[in-house]
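Here is what each chain is made of, one letter per residue.
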Amino acid sequence: MSRRRTLGTKKKIALLVSAATVAGGGAFVMASTSNAAPPTPRSASESTVCLGLATALGNNQKFIADQRANPDAQSEARIANREAVVAEIKRKQEASGCAVGESAQDSQTAQPSQPAQSAQPPAASAQPSQPAESAPAGDAGDGAAASGQQVCNGSTVTLSGEGGAPAASSNQFPAGTKLKVTNLDNNKSTTVEVTSVSGSCALLNNAAFEQVREPGKFLIRRALIEKVG
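What counts as what
- Residues numbered from 1 in each chain as written.
- Predicted model: local features only at pLDDT ≥ 70, side-chain atom pairs only at ≥ 80, totals over all residues.
- Heavy atoms only, no water.
- Disulfide = S-S within 2.5 Å.
- Helix = DSSP H or I, 4+ residues; strand = E, 2+ residues; numbered from the N terminus.
- Buried < 20%, exposed > 50% of the residue type's maximum accessible area, 1.4 Å probe, protein only.
- Phe/Tyr/Trp six-rings, centres within 6.5 Å; stacked < 30°, edge-to-face > 60°.
- Lys NZ or Arg CZ within 6 Å of the ring centre and 35° of its normal.
- Pairing = 2+ DSSP bridges.
- Axes fitted to C-alpha atoms, helices over the stretch in contact; angles between N-to-C directions.
- Parallel < 35°, antiparallel > 145°, perpendicular 65-115°, else oblique.
- Left-handed = near helix turned anticlockwise from the far one by under 90°.
- Contact = heavy atoms within 4.5 Å.
- Nonpolar A, V, L, I, M, F, W, Y, C, P; charged D, E, K, R; others polar.
- Core = buried A, V, L, I, M, F, W, Y, C linked by side-chain atoms within 4.5 Å.

**Student:** Give me the state of the cysteines: which residues, what numbers.
**Tutor:** Throughout the structure, instances matching the rule amount to two disulfides. Disulfide partner of C50: C98, at an S-S distance of 2.0 Å. One quick way to see it: the torsion about the S-S bond of C50 and C98 is about -85 degrees, and its sign makes the bridge left-handed. With a gap of 48 residues between them, C50 in helix α2 (residues 48-69) and C98 in the loop between α3 (75-95) and α4 (106-109) connect regions that are remote in the sequence. Under the relative-accessibility criterion, C98 is labelled buried at 4%. What connects to what in the protein, once the bonded cysteines are numbered by sequence position, is 1-2, 3-4.

This is how it looks when you write it as structure tokens:
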């Protein structure tokens, strides 16, 4: 009887050791899984999407800073509107896997594309073929706009994040000015009216940007901007 008890005790010890080993291994696996690092957000230098969002964020932040430095009767309302736009851009950065809060000014991101812009006059002279591109936007006067005055040479174009009908904002042209923006990478163009002030030469609101954008991109590197009215 004592021998049976002894063997039973040894078996129990062996079973306990095995159970502890299994439990320890499971805990190690769980710890390893929980300690796995999350994906690293992409920077503006690594992604065109992130660069476009960073540029849009920088332009809106500059606009807010300018309004605070030189306020007028409408500054408070403009700032509140742009702060909502900034929040929306940050949500888009997070959803796109970009570094949230990273910003870039239009003047900085435009530098790499300037050599290509200097070679663009031939493209401007070929604009008579563009009215068909502009027709979907409902701009009946685009045919005459093809020979407008080229402005903002070397500037990139991005979205302001604002809703509403197709429109633009600018820090160089007053409200009421008509600008024609052509994406030279896909030859799509739109003619819009400047309705508000922004932190760069030309920012398109969401509706206008959709008319000329390339799928998945938030920045037009090769843009032709013309003042047509």
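**Student:** Account for the packing of aromatic side chains, naming residues and giving values.
**Tutor:** Per the stated rule, a full pass over the model turns up zero aromatic pairs. Of note, R82 hangs over the ring of F63, and the distance from its end group to the ring centre comes to 4.2 Å. Of note, R213 hangs over the ring of F218, and the distance from its end group to the ring centre comes to 4.7 Å.

**Student:** Which residues make up the pairing of strand β5 (residues 188-197), and what values go with them?
**Tutor:** Bridge count for strand β3 (residues 168-170) against β5 is three bridges, and the pairing is parallel. In the sheet register, A168 faces β5, and the bridge partner there is V194. Judged from the six bridges that link them, strand β4 (residues 178-183) and β5 form a sheet pairing that is antiparallel. From the neighbouring strand, V181 faces β5, where its bridge partner is T190. Linking β4 back to β5 in an antiparallel pair, the connection comprises four residues, with N187 at a positive phi of about 60 degrees.

**Student:** Please give an account of the packing of α2 against α3 that cites residues and values.
**Tutor:** The N-to-C vectors of α2 and α3 enclose an angle of 160 degrees; their axes lie 9 Å apart at closest approach. As the angle between them shows, α2 and α3 are arranged roughly antiparallel. Taken as a pair, α2 and α3 cross one another with a handedness that is left-handed. From α2, L53, A54, A56, L57, N60, Q61, F63, I64, Q67 and R68 reach across to α3, where they touch S75, R78, I79, R82, E83, V85, V86, I89, K90, K92 and Q93. Residues that form the contact of α2 with α3 fall into these classes: 10 nonpolar, five polar and six charged.

**Student:** Account for the environment of L184, naming residues and giving values.
**Tutor:** Within the element layout of this structure, L184 appears in the loop between β4 and β5. Residue L184 is classed as buried on the basis of its relative accessible area, which comes to 10%. Linking L184 and V212, residues 28 residues apart in sequence, is a C-alpha distance of 9.5 Å.

**Student:** Lay out the nonpolar core in plain terms, naming residues and giving numbers.
**Tutor:** Ranked by size, the top nonpolar core spans 31 residues in total, and within it V157, F173 and L204 carry the most contacts. Listing elements by their share of this core, those giving two or more residues are α2, α3, β2 (157-159), β4, β5, α9 (206-212) and β8 (223-227). Considering every element that reaches this core, the biggest residue donor is α2, with six residues. In contact with F173, other than residues within four places in its own chain, are V151, C152, L179, V194, C201 and K227. Counting five residues, the second-largest nonpolar core is a separate cluster that includes A44, L51, A104 and L219.

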